[in-house]
Structures are given as structure tokens and as C-alpha cells.
Amino acid sequence: MKIIQVSGRANTGKTTFIRNLIPVLKSRGRVGVIKHLGDHDYLLDEGKDTTIFFENGADISVGIDSHKSVIALHTDNLDEMLQFFKNNGMDFAVIEGCKKRNFPKIIIGDLPGDTCVLRNPTVDQVISSLSLFEEY
């Protein structure tokens, strides 16, 4: 599984870049995305059964509707999430943020970075440079 980390300052276009990258990667395999939420927590819907199960200690709480499954896991460990992706057959793990991790990075904008392998690339440049990214 290739790890493609995208970093940059707020409002530099990281999410837009990843949104454009996903379909091209998807044509080559399965894609999982991890978003580092930074200074805010993701809120689970208060009072919903899956939230209640999670709050009462379920290691994994899953809600399934007619179009998707939503999973809440009791972990904030990036390595555990990457292992989860690998165990579930992802070919690519795209990480938005987590600047402190030392994976080879795509940097959007002017953020300094000593593990930067591509800065402000096009999607095509990323695809032609997949060998620069780490295997997990």
C-alpha cells in the first residue's frame, strides 16, 4: 500500500487536490483517505445508537444505511489506521495533514518540509512519481 501524504497550511487547496487525486488513484486500485482534524474533534450525532455504543466502550461501532457504512474506532493512532487500511485491501492511503509524520510528502503551498518530494504538483505528476512514495 502506497502512502501519499499531502500537507500544507490551512486554505491552500489540500482537500481540493485530494478530491481530484482520488478518482485517478481509484482507476489503479482501492483508495483510503485519512484526514487529520487538527484542532477540532469530529462530532458523532448525539443520542444516536451508534454513538451510544461507541460512548459505552465498543471498540468499533458501525452504522450501515442503504448507501454506506460509517465506522467509529476507539483509536487516534495513525499507524493503527494505516494497518486497518492495509488489512482491508487498500492500495493507496492518502493522508491529509499529520505534518509531523516523516512520510514522503506532497506539499501544497509554501510550507517548509524536509520530506517534501513534490510541491504544488498536478495529479499527473503525482501518478508519474508514485515510486517516490513509501510502501506500508
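The text that follows walks through the structure, step by step, so that each part is easy to find. (Residues numbered from 1 in each chain as written. Predicted model: local features only at pLDDT ≥ 70, side-chain atom pairs only at ≥ 80, totals over all residues. Heavy atoms only, no water.)

## A word on the nonpolar core
- Counting 17 residues, the largest nonpolar core has Ile4, Phe17, Leu21, Leu25 and Ile106 as its most contacted members.
- For this core, the secondary-structure elements that each account for two or more residues are strand S1 (2–8), helix H1 (14–26), strand S5 (92–96), strand S6 (105–108) and helix H4 (123–128).
- Here the element with the most residues in this core is H1; it accounts for 4 residues.
- Each residue touching Leu25, except ones within four places of it in the same chain, is listed here: Ile4, Val31, Phe92, Val94, Ile127 and Leu130.
- Ranked by size, the runner-up nonpolar core spans 12 residues in total, among them Met81, Leu82, Ala93 and Ile95. (Core = buried A, V, L, I, M, F, W, Y, C linked by side-chain atoms within 4.5 Å. Buried < 20%, exposed > 50% of the residue type's maximum accessible area, 1.4 Å probe, protein only. Helix = DSSP H or I, 4+ residues; strand = E, 2+ residues; numbered from the N terminus. Contact = heavy atoms within 4.5 Å.)

## What to know about the sheet that holds strand S7 (residues 116–119)
- If you walk across this open sheet you meet the 5 strands as S2-S5-S1-S6-S7, and the pairing is parallel. Unpaired on one side and paired on the other, strand S2 (31–35) and S7 mark the two borders of the sheet. Strand-to-strand twist of the sheet, defined as the mean angle between neighbouring strand axes without regard to direction, takes the value 25°.
- Sheet analysis places S6 next to S7, joined by 3 bridges and oriented parallel. Bridge assignment links Ile107 to a residue of S7, and that residue is Arg119.
- Strand contacts of H1: S1, S2, S5 and S6, with the helix running at about 160° to S1, the strand carrying the most contacts.
- Helix H3 (residues 78–87) contacts S1, S2 and S5 of the sheet and is inclined by roughly 165° relative to S2. (Pairing = 2+ DSSP bridges. Axes fitted to C-alpha atoms, helices over the stretch in contact; angles between N-to-C directions.)

## Let's talk about the environment of Met90
- Secondary-structure assignment places Met90 in the loop between H3 and S5.
- Separated by 57 residues in the primary sequence, Met90 and Val33 have C-alpha atoms spaced 9.8 Å apart.
- Setting aside residues no more than four positions away along its own chain, Met90 makes contact with Met1, Arg30, Val31, Gly32 and Phe85.

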